[in-house]
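Next come the chains, spelled out residue by residue.
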Amino acid sequence: QVQLVESGGGLVQAGGSLRLSCAVSGRYVMGWFRQAPGKEREAVAAIGLQSDNRTYADSVKGRFTISRDYANKMVYLQMDSLKPEDTAVYYCAAAGTYSATLVVEEYGHWGQGTQVTVSS
């Protein structure tokens, strides 16, 4: 049973930073996704089993960084230069693939989500 628990969301002003954390039981390709009200869930970033295998959505490239810490069984999403359009519920998810992927259908396990709100 894959267990994923997110934390670290909150309210921040535009231009600020937040770091999301996801506790994960096991070794999986991991992704961060987000869903804003009235919109479909979209991929943000993903990291493979090797930490140098990472991919990002164009909308967050250069601002967000995904990383993982196997020793502590954690995956992180560092979010800098936040914009109001980054406001959403953020989810971490686990996939049974070998490489990082932004394809939402590849992910079979999801956390409960954490709210991120960026004020203008």
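Computed from a predicted model, the values in this text were never measured in an experiment.

Student: Can you explain the pairing of strand β9 (residues 88-95)? Please cite residues and give values.
Tutor: Among the eight residues that make up β9, seven are buried, leaving the element largely enclosed by the rest of the structure. Across seven bridges, the pairing between strand β4 (residues 29-35) and β9 is antiparallel. From the neighbouring strand, Trp32 faces β9, where its bridge partner is Cys92. Relative to strand β11 (residues 114-119), β9 runs antiparallel, the two being bridged by three bridges. When the bridges of β11 are listed, Ala88 appears paired with Val116. In this sheet, strand β10 (residues 107-110) lies alongside β9 in antiparallel orientation, the contact comprising three bridges. Opposite Ala93, over in β10, you have Trp110 as the bridge partner.

Student: Outline the packing of aromatic side chains, listing residues and values.
Tutor: Counted under the stated rule, the structure contains four aromatic pairs. Residues Phe33 and Tyr107 carry aromatic rings whose centres are separated by 4.8 Å and whose planes lie at 75° to one another, so their mutual orientation is edge-to-face. Placement of the pair is Phe33 in strand β4 and Tyr107 in strand β10, with a sequence separation of 74 residues. Residue Tyr107 is classed as buried on the basis of its relative accessible area of 5%. Members of the aromatic cluster, joined through ring pairs, are Phe33, Tyr91, Tyr107 and Trp110. One cation-aromatic arrangement involves Arg27 over Tyr70; the distance from NZ or CZ to the ring centre is 4.1 Å.

Student: An account of the sheet that holds strand β3 (residues 18-24) is requested, with residue identities and associated values reported.
Tutor: Ordered in space as β1-β3-β8-β7, the four strands form an open sheet in which the pairing is antiparallel. In this open sheet, the two strands that pair with only one neighbour each are β1 (4-7) and β7 (64-69). For this sheet, the mean inter-axis angle between neighbouring strands, taken without regard to orientation, is 15°. In terms of strand pairing, β1 meets β3 through four bridges, oriented antiparallel. The partner of Leu4 across the bridge, within β3, is Val24.

Student: Before we move on, could you go through the side chain of Thr101 and cite the residues and values that matter?
Tutor: Positionally, Thr101 belongs in the loop between β9 and β10. Engagement of the side chain of Thr101 in a polar contact is seen with the backbone nitrogen of Val103, the distance being 3.1 Å.

Procedures and definitions
For every chain, the first residue of its written sequence is number 1, and the numbers climb from 1 along that sequence. Residue-level local features of this predicted model are given only where pLDDT is at least 70; pairs of side-chain atoms are given and counted only at 80 or more, and the full residue set underlies all totals for whole chains, interfaces and linings. The basis for every side-chain value is the complete set of non-hydrogen atoms in the structure, without hydrogens or water. Residue burial is assigned from relative accessible area. The probe radius is 1.4 Å, only protein chains are included, and a residue is buried under 20% of its type maximum, exposed over 50%, and partly exposed in between. Strands here mean DSSP runs of E at least two residues long; helices mean DSSP runs of H or I at least four residues long; both are numbered from the N terminus. Pairing between two strands requires that DSSP report at least two bridges joining them. Side-chain rings of Phe, Tyr and Trp (the six-membered ring for Trp) are treated as a pair once their centres are within 6.5 Å; stacked means planes under 30 degrees apart, edge-to-face means over 60, and tilted covers the remaining angles. Here, a charge over a ring means that NZ of Lys or CZ of Arg falls within 6 Å of the ring centre while also lying within 35 degrees of the ring normal. Fitting a line to C-alpha atoms yields each axis, with helices limited to the stretch in contact; the angle taken between N-to-C directions then spans 0 to 180 degrees. By the criterion applied in these results, polar contacts are pairs of N or O atoms within 3.5 Å in which, for protein atoms, one can donate a hydrogen and the other can accept it, and in which residues neighboring in sequence qualify only through two side-chain atoms.

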